[in-house]
Amino acid sequence: ENIEQIASGATDESTLELLEGGHRIGSPDAPIQIVMFTDYQCPDCKRIEGQLSNIMKARGDVSVVVKHFPLNYECNDNIGTFKLHGNACWAARAAEAVSIVYGEEEWEKMHVWLFEQHGRFTDENFAPQLIELGFEPSSVIQTMMGEETLNRVKTSADDGYELGIYYTPMVFIN
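Residues numbered from 1 in each chain as written. Predicted model: local features only at pLDDT ≥ 70, side-chain atom pairs only at ≥ 80, totals over all residues. Heavy atoms only, no water.

A. Molecular detail of unusual backbone geometry. For the bond running from threonine 168 to proline 169, omega is -5 degrees, close enough to zero to count as cis. Note that proline 169 resides in the loop between helix H7 (147-162) and strand S4 (170-173). Even without being a glycine, histidine 118 presents a positive backbone phi close to 60 degrees. Structurally, the position occupied by histidine 118 is in the loop between helix H4 (104-116) and helix H5 (123-133). The class for histidine 118 is partly exposed, based on a relative accessible area of 34%. One non-glycine residue, asparagine 174, lies in the positive phi region at around 45 degrees. Note on placement: asparagine 174 falls in the segment after S4. The exposure class of asparagine 174 is exposed, given its relative accessible area of 68%. (Helix = DSSP H or I, 4+ residues; strand = E, 2+ residues; numbered from the N terminus. Buried < 20%, exposed > 50% of the residue type's maximum accessible area, 1.4 Å probe, protein only.)

B. Quick peek at a nonpolar patch on the surface. The grouping of Tyr161, Tyr166 and Tyr167 at the surface amounts to a nonpolar patch, some 360 Å² of accessible area in total. Relative to the helices and strands, tyrosine 166 resides in the loop between H7 and S4. What makes tyrosine 166 exposed here is its relative accessible area of 52%. (Patch = residues over 30% accessible without salt bridge, like charges linked within 9 Å, V, L, I, M, F, W, Y side chains within 5 Å. Areas by Shrake-Rupley, 256 points an atom, 1.4 Å probe, with all protein chains shown as cover. Salt bridge = Lys/Arg side-chain N within 4 Å of Asp/Glu carboxyl O.)

C. Fine view of the nonpolar core. Counting 29 residues, the largest nonpolar core has Met110, Leu114 and Phe126 as the members making the most contacts within it. Going through the elements one at a time, strand S2 (32-38), helix H2 (43-58), strand S3 (62-68), helix H3 (88-102), H4, H5 and helix H6 (137-144) are the ones with two or more residues in this core. For phenylalanine 126, the contacting residues outside a window of four places in its chain are Ala94, Met110, Trp113, Phe121, Ile141 and Met144. (Core = buried A, V, L, I, M, F, W, Y, C linked by side-chain atoms within 4.5 Å. Contact = heavy atoms within 4.5 Å.)

Structural data, given as structure tokens:
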């Protein structure tokens, strides 16, 4: 039945809006559109992120939208009491804080750094690392601790759950 629907061109587009939002790397007009639900502490997400980065360096026709799906109940209400990645929420919130304070271009720098760090940082080393990245620590940390970053992460995770996601990475193409 599904094959017949696809072959006839009948599609259900009701969930496409769940793929919107997030943070885009590349042109919104690129013919190849990728949406990745990710967790900064997920080793497979880091591997896929590296592969997507290489693809984007080699091609100009690809766009990637990054959305959060941390495997940590503290900011993902859809996974019960599961907490596979202890710092995943704070890493996602850190990325969102940089986006709020500095904008999308700087978000991308933070996104790359978070994967390089495997989503790990501590209270002691985070502020000095933010300075090394060119960010003012108190504004990033204050924003990171606020409700807006938590709500952004939860909204992204909710979108993923509505799409049937239970683990990361999950990649949608076109």
